[in-house]
Amino acid sequence: MKQKYFTIMDYFTMRGDLTFAQSDFNSVDALILSQFVYNNMDGLVSADFKEKITLEELSERFTSAKDYATRCNMGAMINKLTPELITTAAKTRRFGKMKLSGFVNNINETNIEQFSAITCQIAKDRYVVIYRGTDDTITGWYEDFNLVCLDEIPSQKSACDYLSRAMGALKGKFILTGHSKGGNLSVKAGMSIPAKSVGRLEAIYNYDGPGFPAPVYKTPGFLQIKDRVFSFFPHFCVVGMLFAHTNKYKIVDVAADGILQHDPFAWKVLGPEFQLMSGFDEMSSFVASSFNAWMTRLPVEERKKFIDTFFDVMFASGVKTNYEIDQNKIVCGGKMIAKLAELNESERKSFKHALKVFVKVAKDNIPMFSVFK
């Protein structure tokens, strides 16, 4: 008989009756909030840091919204249980009275930016800033790919600006957290804190977020926060192993296979901690090293050309999300292939070669890649 394991949804039953005063904020709490921020809270939580509502109040607004069904459609890439985090957590002593403010959600196709964040007050003068990872939009994925050719992507700048505004408006200590790109944004924002204010930073939780170029870890900005950064990666790790990382991280056992281990709902929980493993899956290490080697071999301008070409093809589908591609694969795929046909032979050959690295892992799980099977 298989051994029973627990996930973040079980956590509400196991520890939801404990307030943060009774059992301090921990890494599982931070992961839950990192997934919570993927919810569509547009118009439900104020962008202002002074106007706060409890999670209980948000749950009421969320479930009674006229577009509730639409808000619950998480697309093709985000776990469909995500809306339940609002309603389930709201019923617990641990999360129900948590106060929410400062919600922003910006999708800018012109600047290629997908950025969203929210701030939670978990105690007097104690706040958690949560950065959303990549959502279901093609724009969000485009911005992620730009990490390989830009010194700073727009959402990284927005993450720093957001934290500066939050720390200016709210007195007290701060915890930063995020999953996937959100983990990268939380570390980036932490590095931007002025030296005189770094004492207000308690911790940064990074869940399977991409790293940074190696020189970043020697900068004064990172060195002043390095002991407050806590990174967690799944056993099969691709997203989190992109670029360089410090050696300070933990590997989580996950109840899923392949790239689906990126999904926090599959991460195994043991009370206030995670069930850990001693090393990464060999294949994920191979894929990550292949990707990083690809970046090393390919000049920045060629990387940028490939990425721009790839997303010109994606946008030729006429849709804006992976969900729409998933629902219309034949039509969208036909438009993409037609766009590819417009490339000259040299461009097409270069594009196909670079694409292989991504398709190897992603084609069976990410709709915008599946049309290239």
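This one's a predicted model, so the numbers in the text were calculated from it and none came from an experiment. (Residues numbered from 1 in each chain as written. Predicted model: local features only at pLDDT ≥ 70, side-chain atom pairs only at ≥ 80, totals over all residues. Heavy atoms only, no water.)

(A) Region of the structure containing helix H7 (residues 154-169). Look at H7: 23 Å from first C-alpha to last across 16 residues, which is about the 22 Å you get at 1.5 Å a residue. Burial in H7 covers these residues: Ser-155, Gln-156, Ser-158, Ala-159, Cys-160, Tyr-162, Leu-163, Ala-166 and Met-167. In this structure, the buried residues of H7 make contact with strand E2 (99-108), strand E3 (113-123), strand E4 (126-131), helix H6 (138-145), strand E5 (173-179) and helix H8 (181-191). (Helix = DSSP H or I, 4+ residues; strand = E, 2+ residues; numbered from the N terminus. Expected span 1.5 Å × (residues − 1). Buried < 20%, exposed > 50% of the residue type's maximum accessible area, 1.4 Å probe, protein only. Contact = heavy atoms within 4.5 Å.)

(B) The arrangement of the sheet that holds strand E6 (residues 201-207) in detail. The nine strands lie next to each other as E1-E2-E3-E4-E5-E6-E7-E8-E11, forming an open sheet whose pairing is mixed. In the strand order of this sheet, the two ends are held by strand E1 (53-54) and strand E11 (276-277), each with one partner. Sheet topology note: the E1/E2 ladder contains two bridges and is antiparallel. Each residue of the ladder has a partner; that of Thr-54, found in E2, is Lys-99. H8 rests against E3, E4, E5, E6 and strand E7 (229-234) of the sheet, and its axis sits at about 150 degrees to E5. (Pairing = 2+ DSSP bridges. Axes fitted to C-alpha atoms, helices over the stretch in contact; angles between N-to-C directions.)

(C) Main features of the pairing of E6. Burial analysis of E6 places six of its seven residues in the buried class, the great majority of the element. Across six bridges, E5 lies against E6 in parallel orientation. Opposite Gly-178, over in E6, you have Asn-206 as the bridge partner. Sheet analysis places E6 next to E7, joined by four bridges and oriented parallel.

(D) Up close: the environment of Val-239. Looking at the element boundaries, Val-239 is found in the loop between E7 and strand E8 (249-252). Not counting residues within four places of it along the chain, the set of residues in contact with Val-239 comprises Ser-180, Asp-208, Gly-209, Pro-210 and His-262.

(E) Region of the structure containing the environment of Leu-185. Note that Leu-185 resides in helix H8. The exposure class of Leu-185 is buried, given its relative accessible area of 0%. Distance from Leu-185 to Ala-47, taken between C-alpha atoms, is 19 Å for residues 138 residues apart in sequence. What Leu-185 contacts, discounting residues up to four positions off in sequence, is Phe-115, Tyr-131, Arg-132, Ser-155, Gln-156 and Ala-159.

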